[in-house]
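# Survey of secondary and tertiary structure
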Amino acid sequence: MTSSVVSTICPFCGVGCGLDLKVQDNQVIAVEPIFHHPVSLGQLCVKGWNAAFGIDPGNRITTPLLRKIDTFHPISWDEALNHIANQFTDIISNDGPDALGVISCARATNEDNYAAQKFARCVLGTNNIDHCARICHSPTVAGLKQTLGSGAMTNSISDIDSADLLVVFGADPTENHTVLGGRIIKAKTNGAKLLVVDPRKTRLAELADVHLQLNAGTNIALINGLLNIIFSNNWEDTDFLASRCENQKEFVESLADYPATKVAEITGVAEELLDRAAYLYSHAQRAFLAYGMGITQFVSGTNNVIGISNLALSCGQIGRVGTGINPLRGQNNVQGACDMGCLPNVFPGYQPVSEPAVQEKFSSAWDCTVPTQPGLTSLGMAKTALGGKFKGLIVMGEDPVVTDPDQQLVQRAFRSLDLLVVCELTMTETAKMADIVLPVVSFAEKTGTFTNCERRVQLIQKAIPSFAESKSDWRILSELATRMGYKGMGWQGEEAIFDEMVRLTPLFSEMSYPKLIEYQGLQWPCDESHPDGTMLLHSTSFSTANGKGKLIPVRYVPPDEQPDDEYPLVLTTNRLHFHYGCGSMTRKSPLLERETPDGVLFINANDGESYNINNHEDVLVSSRRGEVSTRAVYSEQVPQGLVSMPYHFKEAPSNRLTNNAQDPVTKMPELKVCAVKIKPIKAGALPISEERL
Ligand code: SF4
């Protein structure tokens, strides 16, 4: 019997907790927290403790699979890769490179993601590369880039301990980023004030000094209302504005449209509470503001982020320890997938694809001619497929059929493709639609790096051998590239990929694997000026061209779909502590599955009674795009008129209902608000999930 302990990083959320995998005879038999880990300080949430179930061989895909009519047949790697390479080459010849694309994976490593965007650009010849940041924090990248010059968390998680005010805006961190949420509760217990802005009465809202329970989708009206109060009372930070910001005059003039009475009417928040919140934020010594998808997943997502930035800049709550604008990134490596350039408009390190000097640099380094026009987003690829101009797609470890808005549109789009390749651990709903499925290794079977929400690049280590015939995503792409005649992806291993990325990405120029081990992870920028990494961004100047923070007026725009007589309720989405993403990993844990086994609709008891739906009774939820049957659960977290569904459950997919109206800047769909109707359905009519059979 052989045993060992291998230190790595949790594969679930963007907090990036350290965990030890206990290995016996090439199997992970237990998970424990790393005691001195700089982020998690010896803690894990229940998902982290159950991380071993995500690698459970129980239902893993063992070999490449080829669809023949409606069934999958095992084939060899050679057959699978030759088939894909030949069909992709044909599509490029007949329809051009932009008929192809890649959806990379926010759960895969930086090395996998670097390989994915290089494959799209050098081998396929297209900038059609995207990933699930599109539907979580693409507005963060776009919005903060405009105002601060850099779209990432400005401070570090440890700054929570130094703040005297914690602002949680459109986020539910005790459910989703639990170790970070626990740190907020601890800071509150130690005397910090807590301000929560959320349409739902979340756990933190219950504990808050002030809870602004705004109507869903009214963020900009609320933020502009707070700013109007702040400037009217001269509570702004005049020194900070004068020395570090620009465009104040035009910006302040724009706030005149948001008097407190009007804002109270739009948002549903009483004027006294608006006053109190404005006072608290502008008078705090150090206000740490964290936000989530309650800011980004709207047609006004980018402007919502700009609004948050306006608030922090106006009050000088940025550039110091304990302050800042801190987007809570969802997936373990969604920050890294963005950093690696898995976006249609930027190369690694956010170097624009449209800049000639950048094009020249990458063409020369990669020995190819890189495409120069920004590519399609993931939803753009789906819509173009429906129009017949997009023919082939590789999806690496994401499950857009469950996680993207308007599920039926996504399914129709995938059905219309000539070739859908899915690289996966298990047969997800998207994998079930593929023409070819390729088995990939889990986080415990590979080496590489993940980047957490505070920009910390951390090494993960291979603990057990690859399961069955599975391979790393980067190795699959490398072998495909060779078959398609491109020789620039023949790396010997993950470290060689990382070193190539570092050479081409100024933000990472001083990073290396040995240094990541020595420092227990490094926060970017890590360059000549910051060889030890950077815990705090923007301490003396912003990353904009002139170093100034930009105040940008933003106008309130109501959500795309409002409740009406036919669809009288507002549906929002939420996440649950016990599950993660599409549930493909957490739902394999009996313990997590026991806690929350099925889909659910949270509904206020008064609405339940109005619609003749009892607590725990079956219910049919319909929107203009589809219908879902699930179970209603009475909850005081949702006010009357609002219902909420998690999206972890494929048997009750909330994204069959959600709206795909998009933010014009980033194409972020409006996942947080749509109009629905509900009615009771006969007991026992609900399907039983595969997990429970
Ligand atoms: Fe993993 Fe996030 Fe939980 Fe930490 S908080 S253990 S990173 S899921």
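As shown above, the structure is provided for reference.
Parameters and conventions
Residues numbered from 1 in each chain as written. Predicted model: local features only at pLDDT ≥ 70, side-chain atom pairs only at ≥ 80, totals over all residues. Heavy atoms only, no water. Phe/Tyr/Trp six-rings, centres within 6.5 Å; stacked < 30°, edge-to-face > 60°. Lys NZ or Arg CZ within 6 Å of the ring centre and 35° of its normal. Axes fitted to C-alpha atoms, helices over the stretch in contact; angles between N-to-C directions. Helix = DSSP H or I, 4+ residues; strand = E, 2+ residues; numbered from the N terminus. Parallel < 35°, antiparallel > 145°, perpendicular 65-115°, else oblique. Left-handed = near helix turned anticlockwise from the far one by under 90°. Contact = heavy atoms within 4.5 Å. Buried < 20%, exposed > 50% of the residue type's maximum accessible area, 1.4 Å probe, protein only. Near = heavy atom within 4 Å. Nonpolar A, V, L, I, M, F, W, Y, C, P; charged D, E, K, R; others polar. Salt bridge = Lys/Arg side-chain N within 4 Å of Asp/Glu carboxyl O. Pairing = 2+ DSSP bridges. Lys, Arg positive; Asp, Glu negative; His and termini not counted. Core = buried A, V, L, I, M, F, W, Y, C linked by side-chain atoms within 4.5 Å.

### Things to note about the packing of aromatic side chains
Counted under the stated rule, the structure contains twelve aromatic pairs. Three or more aromatic residues joined by ring pairs make a cluster, and in this case those are Y114, F347, F362, W366, W474 and W491. One residue, R455, lies across the ring of W524, its end atom 5.8 Å from the ring centre. In this structure, K471 packs its charged tip against the face of W77, placed 4.9 Å from the ring centre.

### Observations concerning the packing of helix α8 (residues 219-232) against helix α12 (residues 271-283)
Packed helix pairs are characterised by how far apart their axes lie and by the angle those axes make with each other. Packing of α8 against α12 brings their axes to within 9 Å, and their N-to-C directions diverge by 70 degrees. Here α8 lies roughly perpendicular to α12, going by the angle between them. Two packed elements cross with a definite hand, and for α8 against α12 that hand is right-handed. Between α8, through L222, L226, I229 and I230, and α12, the contact on the second element is made entirely by L274, D275, A277, A278 and S282.

### Some details on helix α20 (residues 473-483)
When we look at burial in α20, the residues that qualify are D473, W474, I476, L477, S478, L480 and A481. Packing partners of the buried residues in α20 comprise α2 (77-95), α3 (110-124), β16 (392-396), β17 (419-424), β18 (436-439) and α21 (494-504).

### Details of helix α17 (residues 378-386)
Of all the positions in α17, only S378, L379, G380, M381, A382 and A385 are classed as buried. If you follow the buried residues of α17, they end up packed against β6 (100-103), β7 (129-130), β16 and α19 (407-416). A positive phi of about 85 degrees marks G388, the residue just after α17.

### Considering the site of the ligand
Inspection of the region around the ligand gives C10, F12, C13, G16, C17, L44, C45, K47, G48, T178 and V179 as its neighbouring residues. For the shell around the ligand, the elements supplying multiple residues, two or more each, are α1 (46-49) and α6 (178-189). Tallied by class, the residues present in the shell around the ligand amount to seven nonpolar, three polar and one charged.

### Overview of the pattern of salt bridges
Under the defined criterion, the tally for this structure stands at 18 salt bridges. Where E454 meets R456, a salt bridge forms, and the shortest distance between an N and an O atom there is 2.7 Å. Accessibility assignment for this pair places E454 and R456 in one class, buried. Across the pair R624 and E561 runs a salt bridge, and its minimum N-O distance is 3.4 Å. Of the two residues, R624 sits in the loop between β25 (618-622) and β26 (627-634) while E561 sits in the loop between β22 (549-550) and β23 (569-574), which places them 63 residues apart along the sequence. On the accessibility criterion, R624 (40% relative accessible area) is partly exposed. Taking relative accessible area as the criterion, E561 reaches 9% and is therefore assigned buried. What you see here is one network of salt bridges that share partners, running through E561, D564, R624 and R625.

### A look at the sheet that holds strand β8 (residues 165-169)
Read from one edge of the open sheet, five strands run β10-β9-β8-β12-β13, paired in parallel fashion. Each end of this open sheet is capped by a strand with a single partner; those strands are β10 (210-212) and β13 (325-327). Each adjacent strand pair in this sheet contributes to an overall mean axis angle of 15 degrees, direction not counted. Inspection of the sheet shows β8 paired to strand β12 (residues 287-291) by five bridges, in the parallel sense. In the strand pairing of β12, F169 is matched with Y291. The sheet strands contacting helix α14 (residues 301-314) are β8, β12 and β13, and the helix crosses β12 at an angle near 180 degrees.

### Describing the pairing of β16
Of all five residues that make up β16, five are buried, and the element is covered over most of its length. On β16, burial covers both faces: G392, I394 and M396 on one face and L393 and V395 on the other are all buried. Direction of pairing for β16 relative to β17: parallel, over a ladder of five bridges. Looking at the pairing, I394 lines up with V421 of β17.

### Some details on the pairing of β8
Among the five residues in β8, five count as buried, and that is most of the element. Summarising the sheet, β8 and strand β9 (residues 193-197) pair through five bridges and their orientation is parallel. When the bridges of β9 are listed, F169 appears paired with V197.

### A look at the side chain of D198
Within the fold, D198 resides in the loop between β9 and α7 (203-207). Buried charged residue D198 carries no salt bridge. Nearest counter-charge: R200, at 4.4 Å. In this structure D198 touches G170, A171, H211, L212, Q213 and L214, once residues within four positions along its chain are discounted.

### Overview of the nonpolar core
Core analysis: the biggest nonpolar cluster contains 80 residues, and F119, W366 and M511 have the highest contact counts within it. Here the element with the most residues in this core is α3; it accounts for eight residues. Residues in contact with M511, not counting those within four places in the same chain, are V457, F498, V502, L516, L522, Q523, W524 and C526. Of all hydrophobic cores here, the second largest spans 52 residues; its members include L212, V269, L274 and A277.

Interpretation in functional terms is not warranted from these geometric data alone.
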